[in-house]
Amino acid sequence: MKHTTWSAAIAAAMLTAACGGGGSGGTGASTGTLSVSLTDNPCDYRAVFVTVDRLRVHASGDAAESDAGWRDVPLALSPAQRRVNLLELQNGVSLKLGDLDLAAGRYTQLRLVLADNGAGTPANEVVFADGSRAPLTTPSAQRSGVKLIRPFDVAPGQIVELMLDFDACRSVVRAGNSGNWLLKPTVAVIPLLDVGRIAGVATAGALVSAQATAPGQAPVVVKSTQVAVDGSFALSPLPATAAGTTYTVVVGAPNAATAVVRSVPVVRQQTTVLSTSAAPIPATASPASALTGLALPAGLDGTSVRALQTVDGVEVEVAGTVPDALTGGYLLRVPRAAARVATFPATPSTPLSFAPAAGAPATYVVEASAAGRGAVRSAPVDAAAADRIVPDLTIAP
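To keep things clear, this report deals only with the structure shown in the data block. (Residues numbered from 1 in each chain as written. Predicted model: local features only at pLDDT ≥ 70, side-chain atom pairs only at ≥ 80, totals over all residues. Heavy atoms only, no water.)

This brings us to the overall build of the protein chain. Tallying secondary structure elements over the protein chain gives one helix and 32 strands in all. For the protein chain, the proportion of its 397 residues judged to be buried stands at 51%. The contacts of the protein chain with a sequence gap of at least 6 include a subset with a gap of at least 24, amounting to 73%. (Helix = DSSP H or I, 4+ residues; strand = E, 2+ residues; numbered from the N terminus. Buried < 20%, exposed > 50% of the residue type's maximum accessible area, 1.4 Å probe, protein only. Contact = heavy atoms within 4.5 Å.)

Structure follows, in structure tokens:
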């Protein structure tokens, strides 16, 4: 499994919860509205199917499945519509899940419950690039649903919008040579009030990510997407302030040098246009090297491996993947050519101007991490001329 960058809008499931005091909702002063959407990230797979069974809301983050106080959202989807190909829902496409009346107040926990596979067509399934398919098995610990802790307040007469960012690629995990594939859902909750978006044009099929970067700090991929067949892409939602929040945009295409755009401003409730069809982000040809190794212990929840590169003094994520659940093995493909860098122009309509980054053209650091544990890094790896085997990365408790 190879992956150049990790984030992209895949699905959006809209949940509207009118928050009334009596259970059936209303429009009085004690009511408000909760709206929840589902989104995801791009993959090298042809399709990733998940089947939504239930969406639940609770005031307490400690509530167990059997505790009182849960409210189920009536799904506004037919049984056939609940089996969703996440990879068809990219670049801001959304899918409404349903509406629910809730009492105004603070809520802390959401649970996204996926259907079991059962007989016949699997409810949850991955389709590989060659057309072959495999059912996705959900670990027993997540049969009660994906537990999402993100406090939010539903105020009388107000609308609260949340996006559930379902990362399909990080959620599909190979189980060694058993032939089995696991579904370990990785989902983030993003409020939609203080967000903006980045739109542009690049090479079809390329992976584009918006990353939070700073000198001396590890990059954080905030959102990513796969460029559509017409070359367009949109990174949304992106947390933003009224004054603007700055991101680094990283573009990776097969057999191409990494393109990096620095200091891209995103203003709340606005769209930043990064490039156009008249001046798209170019793809400069480059051969690739394979970085392989083991991330141990194998099978930890939320394990991921990524290749980081320092570009003009700031680290960016160039490639990422999920290691094998049984062996911990991984493979990352990275460009051998130097990254190409541009700075967002002071005049937004000015086309981007790219130049090769200074320094070593293909030196990477491989980082492994897991949920609830710190990250571990390799020594710098020179991949400018050949594939490399990275020494084992052991993730400490």
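More follows now that the structure is in view.
With that settled, consider the pattern of salt bridges. In the structure shown here, the tally under the stated rule is 16 salt bridges. The residue Asp 167 makes a salt bridge to Arg 170 at a minimum N-O spacing of 3.4 Å. Taken together, the shared-partner salt bridges in this structure form one network comprising Arg 306, Glu 315, Glu 317, Glu 367 and Arg 377. (Salt bridge = Lys/Arg side-chain N within 4 Å of Asp/Glu carboxyl O.)

Hydrogen bonding along the main chain pairs the strands of a sheet, whether they run parallel or antiparallel. In space, the three strands of this open sheet follow the order E18-E15-E21, with mixed pairing throughout. Of all the strands in the sheet, the pair left with one neighbour each is strand E18 (232-239) and strand E21 (271-273). For this sheet, the mean inter-axis angle between neighbouring strands, taken without regard to orientation, is 20°. The pairing of strand E15 (residues 195-201) with E21 spans three bridges and is classified as parallel. Of the residues in E21, the one forming a bridge with Ala 199 is Val 273. (Pairing = 2+ DSSP bridges. Axes fitted to C-alpha atoms, helices over the stretch in contact; angles between N-to-C directions.)

Moving on to the packing of aromatic side chains. This structure, assessed with the given rule, holds three aromatic pairs. Look at Tyr 107 and Phe 152: their rings are 5.9 Å apart centre to centre, the planes differ by 25°, and that puts the pair in the stacked class. Placement of Tyr 107 in strand E7 (residues 105-114) and of Phe 152 in strand E10 (residues 146-154) is noted, with a sequence separation of 45 residues between them. As far as the burial class goes, Tyr 107 and Phe 152 line up, both buried. Taking the centre distance of 4.9 Å and the plane angle of 55° together, the rings of Phe 128 and Trp 181 count as tilted. With a gap of 53 residues between them, Phe 128 in the loop between strand E8 (125-127) and strand E9 (133-137) and Trp 181 in strand E13 (residues 180-183) connect regions that are remote in the sequence. On the basis of relative accessibility, which here comes to 16%, the residue Phe 128 falls in the buried class. Overall, Trp 181 belongs to the buried group, its relative accessible area being 11%. Chaining the aromatic ring pairs together yields one cluster made of Tyr 45, Phe 128 and Trp 181. Of note, Arg 83 hangs over the ring of Phe 49, and the distance from its end group to the ring centre comes to 4.0 Å. (Phe/Tyr/Trp six-rings, centres within 6.5 Å; stacked < 30°, edge-to-face > 60°. Lys NZ or Arg CZ within 6 Å of the ring centre and 35° of its normal.)

Residue Pro 237 is reached from Ser 236 by a cis peptide bond, and omega for that bond is 0°. Checked against the element boundaries, Pro 237 lands in strand E18. The amide bond that connects Leu 296 to the next residue, Pro 297, takes the cis arrangement and shows omega of -5°. Within the element layout of this structure, Pro 297 appears in the loop between strand E22 (288-296) and strand E23 (304-311). Located in the positive-phi region is Asn 255, a residue other than glycine, with phi close to 55°. Here Asn 255 shows up in the loop between strand E19 (245-252) and strand E20 (259-266). In this structure Asn 255 comes out as exposed when scored by relative accessible area, which is 55%. A positive phi is found at Ser 263, a non-glycine position, where the angle reads about 55°. As for its position among the elements, Ser 263 is in strand E20.

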